Amino acid sequence: MRSEQPRDRPPRLTGAWVPPVALLSIAAGALLAVFVYPLVALVVGIGLVGASPLWTASERSLAVLGLPLVIGAPLWASLLVDRFGAGEVTGGAWAFVVPACVGLGFAIVAMLWIRGRAARVRLRASG
């Protein structure tokens, strides 16, 4: 038997803390993924986004797949370029690519944060 939530309470994981904690955990985890503890933050953020009803399926996909790839890929690519000495081949492209990807990642964070807050307001108004 499944117990249903009372009608006067909003669904779980719809608090004002969910968007900032989930999205900043994903962003920090992807940006600092070289270390172990940020990977824990990444997993926690992905779990919060996946379990919360604040985002649509496409927004969840963007947060879970797109955000870590956009923010984390330049970091890993930079490490590989440095490791294998390919810096001469890539030239000054990294001076543009890395800040552009990190900036795009934080634009995605801002958009998803705003969408999550708006969904929270809608849930509270309809409940």
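Scroll up for the structure.
Predicted model only: the values in this text are computed from it and were never measured.

(A) Broad picture of the overall build of the protein chain. When its secondary structure is counted, the protein chain shows five helices and zero strands. Helices and strands in the protein chain line up, N terminus first, as α-α-α-α-α. Here the protein chain holds 127 residues, and 30% of them are scored as buried. Summed over its atoms, the accessible surface of the protein chain is roughly 8,100 Å², and 69% of this surface lies on carbon and sulfur atoms.

(B) Broad picture of the nonpolar core. Judged by nonpolar contacts, the single largest core of 19 residues is most densely connected at Leu23, Ile26, Val49, Trp55, Ala63, Leu67 and Leu112. The set of elements that each furnish at least two residues to this core consists of helix H1 (18-31), helix H2 (37-51), helix H3 (57-84) and helix H5 (94-126). With six residues, the single largest contributor to this core is H1. Among residues more than four places away in sequence, those in contact with Val49 are Ala22, Leu23, Ile26, Trp55, Arg60, Ala63 and Val64.

(C) A look at a nonpolar patch on the surface. A cluster of nonpolar residues, Leu32, Val34, Phe35, Trp76 and Leu79, forms a patch on the protein surface that exposes about 470 Å² of accessible area. Residue placement: Trp76 occurs in helix H3. Under the relative-accessibility criterion, Trp76 is labelled partly exposed at 42%.

(D) Geometry of the pattern of salt bridges. In total, this model carries one salt bridge according to the counting rule given. For the salt bridge of Arg115 with Glu59, the shortest nitrogen-to-oxygen distance reads 2.4 Å. Of this pair, Arg115 sits in helix H5 while Glu59 is found in helix H3, placing the two residues 56 residues apart along the sequence. Exposure remark for Arg115: the relative accessible area of 40% places this residue in the partly exposed category. On the basis of relative accessible area, Glu59 is assigned to the buried category, the value being 7%.

(E) Highlighting H2. In a regular helix each residue adds 1.5 Å, so 15 residues correspond to 21 Å; H2 covers 21 Å between its end C-alpha atoms and thus fits that length. All buried positions along H2 are accounted for by Pro38, Leu42, Gly45, Leu48 and Val49. Taken around the axis of H2, the buried residues stretch over an arc of 130°, which confines them to a single face. Exposed residues pointing more than 90 degrees away from the buried face of H2 are listed as Tyr37 and Val43.

(F) Representation of H1 in the model. If you check H1, its first and last C-alpha atoms are 20 Å apart, about what 14 residues at 1.5 Å a residue would give, namely 20 Å. Most of H1 sits inside the fold, with ten of its 14 residues counted as buried. For H1, the full list of buried residues reads Val18, Pro19, Pro20, Ala22, Leu23, Ser25, Ile26, Ala27, Gly29 and Ala30.

(G) Representation of the environment of Ser25 within the structure. Looking at where Ser25 falls in the secondary structure, it is placed in helix H1. In this structure the C-alpha to C-alpha distance between Ser25 and Gly45, which are 20 residues apart in sequence, comes to 5.0 Å. Ser25 has contacts with Pro20, Ala41, Leu42 and Gly45, leaving out every residue within four places of it along the chain. Here Val21 takes part through its backbone oxygen, which lies 2.6 Å from a polar atom of the side chain of Ser25.

Rules of the game
- Residues numbered from 1 in each chain as written.
- Predicted model: local features only at pLDDT ≥ 70, side-chain atom pairs only at ≥ 80, totals over all residues.
- Heavy atoms only, no water.
- Helix = DSSP H or I, 4+ residues; strand = E, 2+ residues; numbered from the N terminus.
- Buried < 20%, exposed > 50% of the residue type's maximum accessible area, 1.4 Å probe, protein only.
- Areas by Shrake-Rupley, 256 points an atom, 1.4 Å probe, with all protein chains shown as cover.
- Core = buried A, V, L, I, M, F, W, Y, C linked by side-chain atoms within 4.5 Å.
- Contact = heavy atoms within 4.5 Å.
- Patch = residues over 30% accessible without salt bridge, like charges linked within 9 Å, V, L, I, M, F, W, Y side chains within 5 Å.
- Salt bridge = Lys/Arg side-chain N within 4 Å of Asp/Glu carboxyl O.
- Expected span 1.5 Å × (residues − 1).
- Arc of directions from axis to C-beta.
- Polar contact = N/O pair within 3.5 Å; in protein donor to acceptor, adjacent residues only side chain to side chain.

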